[in-house]
Amino acid sequence: QVQLVESGGGLVQPGGSLRLSCAASGSILTILAMGWYRQAPGKQRELVSTITNGGSTNYADSVKGRSTISRDNAKNTVYLQMNSLKPEDTAVYYCSADVGTWAMTRRDYWGQGTQVTVSS
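Presented here is a report on the structure given in the accompanying data block. Note that this is a predicted model, so its numbers are computed, not measured.

Definitions and limits used
Residues numbered from 1 in each chain as written. Predicted model: local features only at pLDDT ≥ 70, side-chain atom pairs only at ≥ 80, totals over all residues. Heavy atoms only, no water. Salt bridge = Lys/Arg side-chain N within 4 Å of Asp/Glu carboxyl O. Helix = DSSP H or I, 4+ residues; strand = E, 2+ residues; numbered from the N terminus. Buried < 20%, exposed > 50% of the residue type's maximum accessible area, 1.4 Å probe, protein only. Phe/Tyr/Trp six-rings, centres within 6.5 Å; stacked < 30°, edge-to-face > 60°. Lys NZ or Arg CZ within 6 Å of the ring centre and 35° of its normal. Pairing = 2+ DSSP bridges. Axes fitted to C-alpha atoms, helices over the stretch in contact; angles between N-to-C directions. Polar contact = N/O pair within 3.5 Å; in protein donor to acceptor, adjacent residues only side chain to side chain. Contact = heavy atoms within 4.5 Å.

## So, the pattern of salt bridges
This model, assessed by the stated rule, comprises five salt bridges. The partner of K64 in a salt bridge is D61, with the nearest N and O atoms 3.2 Å apart. In this structure, the salt-bridge partner of R66 is D89, at a minimum N-O distance of 2.8 Å. Placement of the pair is R66 in the loop between β6 (57–59) and β7 (67–72) and D89 in the loop between β8 (77–82) and β9 (91–101), with a sequence separation of 23 residues. Taking the relative accessible area as the measure of exposure, D89 reaches 2% and is therefore buried. A single network of salt bridges, built from pairs that share partners, joins R38, E46, R66 and D89.

## What to know about the packing of aromatic side chains
Within the structure shown, the criterion is met by one aromatic pair. Over the aromatic face of W110 sits the side chain of R45, whose NZ or CZ is 4.8 Å from the ring centroid.

## Details of the sheet that holds strand β3 (residues 18–26)
Within the open sheet, the four strands sit side by side as β1-β3-β8-β7. Their pairing is antiparallel. At either margin of the open sheet sits one strand with a lone partner, and together these are β1 (2–7) and β7. Averaged over all neighbouring strand pairs, the angle between strand axes comes to 15°, with direction disregarded. Where β3 lies against β8, six bridges are found, and the strand directions are antiparallel. Within β8, the position partnered with L20 by the bridge is L80.

## Section: the side chain of T114
Along the chain, the position of T114 falls in strand β11 (residues 114–118). Within the structure, the side chain of T114 is placed 3.3 Å from the backbone nitrogen of G9, a separation counted as a polar contact. Among residues more than four places away in sequence, those in contact with T114 are E6, G9, L20, A91, V92 and Y93.

## Comments concerning the environment of Q1
With respect to the helices and strands, the residue Q1 is situated in the segment before β1. C-alpha separation for the pair Q1 and V116, spaced 115 residues apart in sequence, amounts to 27 Å. In contact with Q1, other than residues within four places in its own chain, are S25, G26 and S27.

## What to know about the environment of M82
For M82, the position within the fold is in strand β8. For the pair M82 and V5, spaced 77 residues apart in the sequence, the C-alpha separation amounts to 18 Å. Once residues within four sequence positions are removed from consideration, M82 is found in contact with G16, S17, L18, L20, R66, S67, Y93 and V116.

Here's what the structure looks like:
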């Protein structure tokens with residue numbers, strides 16, 4: 001069993017910054033890619049950013065230049081630093097991880113989500 005727990009969401013004014021964290025725990029042998037997705041009310045879940053275990057990153061055009069994804073492999077944790085936040089960044093942010101377990105299984109796991117609200 002693998003659990004992902006996000007933290008760091010909240011209410012921030014336009015132009016502000018937030019740092020999201022997601023820690024994975026459980027029967028983890030290795031974590032391949034980790035990423036952040038978001039879902040705004042009435043919209044489909046969309047990719048925000050991903051990072052491989054080798055450090056290669058990918059960003060959605062909507063956050064490119066304003067966000068930085070990073071990970072601490074020793075802590076099984078991924079971070080998302082978001083700057084210059086806009087009201088359209090308001091969404092529930094979900095962490096995802098591609099995990100290989102000691103039971104020799106591999107699948108994607110998801111966190112429960114953390115709310116980010118950008119409003120004055």
